[in-house]
Amino acid sequence: MSPILLQVIVSGLLIGAVYALFSSGLTLIWGMMNVINFAHGDFVMLAMYTAFVVWTLFEGGPAASIPIAALVLATIGVLSYFLLVRHVMKGPMLAQILGTFGLALLLRYSAFWYFGANFKTLPDNLLGPPLVVGSVRIDAPRLLAGTVGLIVTLLLHLLLTHTAIGSRLLAVSEDATAAQLMGIRPERMQAIAWALAAGSAGIAGALIATFFYTSPTVGETLAIVAFVTVALGGFGSVPGALVAGLLIGTIEGLSAYLIGPVYKDVIVYTLFVLVLWFRPQGLMGKT
Amino acid sequence: MRRYLFGQIIVLLVVIYPLLTMRVPVYQRLGALVLLAAIGASAWNLIGGYAGQVSVGHAVFFGAGAYAATAVYAHFGLPPIAGAPLGALIAILVAALIGVPTLRLSGHYFSMATIAMAELMRVLVSNWQWLGGAQGISGPAVPRTVLDLSFASAVPYYYLFLAVLAAILLLTWRIEASRMGFYLRAIKDSERAARALGVAAGRYKLYAYMLSAGLTALAGSLYAVMFGFVDPESACGILISVKMLIIAALGGSGLLFGPLVGALILVPLEEISNSLLGGRGAGLTFVAYGAIIVIIARFLPNGILALLAFRPAKSAETERGHAA
């Protein structure tokens, strides 16, 4: 394998782990409540601005910005659930789409109004020199993002499958009424799910901000990546999101290198449509 | 009788609106924009409202119409409006092509697939030099003949759009009362039940989708004729798709006059806040826009016309009551 190809694949896997992290939140909400959160990408965007603010206020690096962004976003997630999602869930599907899309516009243009349209970037040398292994050179921010992305996604999966909270969340997503009869409060569980989903988007955003420009509309691009990841992995499946995220990161990198950077989106969207066509339940979704 | 009188007064007001606002060209332009938005949202309403298949990718068809109009001018020197039938034809073919696989998907899956299609199209168009790439292409800079439909005043556009909207609403009204209208409503309420009763659900959804696509392309062509410039973001951007959906849902989706009512509220709001807030305010406009959408979804999930308890909304409710 040529060194460049290896480099491309390693970078693809690292970015893929971050995709997996912020797609996990989307897939959790989707699988549990059958609600698409169109504002999910804008949650990531807010987390990126949070990291930027943390840097400008007291020159805090990722060690400070990751927990702060996770907390801020988890709060926003819970607020969104109680003020909006809880109510639109009872309405027609169109009202759900409208509700979360309205929220997306609200967040996106509030950021636009407050921070302006200009790209903001954190300093390049925030995390020290790149790591060189053999012929592969990895930038420190991407290495951190990929590693933390992978670990947090796995932790989220363990939380859902191996803890009492996880069992309760699963019970509510299977049958909210039956869960309620067993003494579980569906609304509290759903609020926790929103906190987890938005919180993981917060961690992902703080990570992405270390190597990617921040702008008010960056969430739109990220949301589409998340939709593709969720569709490919299977709605509601965190391990599916992980596999799909790694796959999409690699495919994006490879098609940018082999065909041309412009066409990487074309390849990803085509893949999305093909998956919906031939395997709508995704790689790891239940039929 | 009083209901008809009320209707007649409204029709009269709509027809003489440009005369009433003679002194204020800005208002005439606003009227034309409201009608144009109502055309697009009414076209969306056929598949999204009546058939209940929430497309979030109608920008594909809007873009087909808009680009067809500017491309026939830029490459063949024809008047832009000559591109309208071509655009509609392309849109109908594309709808058939993407409708066959995607309409099999239900609910959110269909919405997601349409988003992906629209984004795919936007990226392709942005890189297609024949259509001007990311820069976009322009229509005639100065009108050569009256056929170019390039006017300084908004009044001719107002009446052109009014005629098109009237034709679409008439068509929708006829469909509503036809066999197809009943089939679509049955599919919307429960596709499985409709199929069990022998409705060829797939075929009727596809018909509605293709018709909706053709009419959306017409809206795109009219947009290109009035504005004389098209680029990937203004013709195929995700906001184009979303606006159609929001306008229809705001007024009342699946209702004949829902899109028009939605456009009457949303378009002036957008224009007024744009002009009041100017430059930096563009962000604030969309903040207000987002807030209003959230409030509508939260408190009026069936649209404004549902408040007036129009017949279709009522009958749907009682049907559901019987089912339960």
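This structure is a prediction, so every number in the text was calculated from the model and none was measured.

*Asks:* Explain the overall build of chain A residue by residue, including any values.
*Replies:* Each helix and strand counted, chain A has 11 helices and 2 strands in total. Taking 2.2 N^0.38 as the reference for a compact globule, 287 residues should give roughly 19 Å; the C-alpha atoms of chain A span a radius of gyration of 19 Å, in line with that estimate. C-alpha atoms of chain A, sized along the principal axes, occupy 60 × 45 × 35 Å. Within chain A, buried positions represent 53% of all 287 residues. When contacts within chain A are restricted to residue pairs at least 6 apart in sequence, long-range pairs at least 24 apart make up 78% of them. In the structure as shown, chain A presents an accessible area of about 12000 Å², 68% of it carried by carbon and sulfur atoms. Charge separation in chain A, taken as the distance between the mean sites of 12 positive and 10 negative side-chain charges, equals 7 Å.

*Asks:* Break down the overall build of chain B for me, with residues and values.
*Replies:* Within chain B, the secondary structure is distributed over 13 helices and 2 strands. With the C-alpha coordinates aligned to their principal axes, the bounding extent of chain B is approximately 60 × 45 × 35 Å. Of all 324 residues assigned to chain B, the portion counted as buried reaches 52%. The long-range fraction of contacts in chain B, counting pairs at least 24 apart against all pairs at least 6 apart in sequence, stands at 77%. Summing over all exposed atoms, chain B offers an accessible surface of approximately 15100 Å²; the carbon and sulfur share of this is 70%. Between the mean site of the 21 positive side-chain charges and the mean site of the 11 negative ones, chain B shows a separation of 7 Å.

*Asks:* Tell me what's going on with helix 7 (residues 179–189) of chain B, and back it up with residues and numbers.
*Replies:* Residues and elements named next belong to chain B. Within helix 7, burial applies to Met-180, Gly-181, Leu-184 and Ile-187. Looking straight down helix 7, one finds that the buried residues subtend no more than 125° of arc, so they occupy a single side. With respect to the buried face of helix 7, the exposed residues turned more than 90 degrees away are Arg-179 and Phe-182. The secondary structure elements touched by the buried residues of helix 7 are helix 2 (25–50), helix 6 (155–177), helix 8 (191–196) and helix 9 (201–227). For helix 7, the side-chain oxygen to backbone nitrogen distance between the N-cap and Met-180 is 3.2 Å, and the N-cap itself is Ser-178.

*Asks:* If you had to explain the confidence of the model for chain B to someone new, which residues and values would you point to?
*Replies:* All names here are of chain B. Scored by pLDDT, chain B has a mean of 84; 92% of the residues are at 70 or more. A low-confidence stretch, residues 310–324 (pLDDT under 50), is modelled with 6 contacts involving residues beyond four sequence positions or located in other chains. Under the prediction, the complex receives an ipTM of 0.80, its pTM being 0.84.

*Asks:* I'd like a description of the interface of chain A and chain B, backed by residues and values.
*Replies:* Taken together, the contact between chain A and chain B spans 42 residues of the former and 40 residues of the latter. When the two sides are added together, the surface that chain A and chain B hide from each other amounts to roughly 3800 Å², 81% of it contributed by carbon and sulfur. Taken as a group, A:Leu94, A:Leu98 and A:Trp113 account for 16% of the area that chain A buries against chain B, more than any other trio of residues on that side. One can count 0 salt bridges joining chain A with chain B.

*Asks:* Quick one: what's the story with a nonpolar patch on the surface, residue by residue and with numbers?
*Replies:* Taken together, the side chains of A:Ile4, A:Tyr257, A:Leu258, A:Ile259, A:Val262 and A:Tyr263 make up a nonpolar region of the molecular surface, amounting to roughly 580 Å² of accessible area. The residue A:Ile4 is located in helix 1 (residues 3–33) in this model.

About the criteria used
- Residues numbered from 1 in each chain as written.
- Chains lettered and ligands numbered in written order.
- Predicted model: local features only at pLDDT ≥ 70, side-chain atom pairs only at ≥ 80, totals over all residues.
- Heavy atoms only, no water.
- Helix = DSSP H or I, 4+ residues; strand = E, 2+ residues; numbered from the N terminus.
- Rg over C-alpha atoms; globule rule 2.2 N^0.38 Å.
- Buried < 20%, exposed > 50% of the residue type's maximum accessible area, 1.4 Å probe, protein only.
- Contact = heavy atoms within 4.5 Å.
- Areas by Shrake-Rupley, 256 points an atom, 1.4 Å probe, with all protein chains shown as cover.
- Lys, Arg positive; Asp, Glu negative; His and termini not counted.
- Charge placed at Lys NZ, Arg CZ, Asp CG, Glu CD.
- Arc of directions from axis to C-beta.
- Polar contact = N/O pair within 3.5 Å; in protein donor to acceptor, adjacent residues only side chain to side chain.
- pLDDT = per-residue confidence, 0-100.
- Buried area = accessible area lost by both parts, 1.4 Å probe.
- Salt bridge = Lys/Arg side-chain N within 4 Å of Asp/Glu carboxyl O.
- Patch = residues over 30% accessible without salt bridge, like charges linked within 9 Å, V, L, I, M, F, W, Y side chains within 5 Å.

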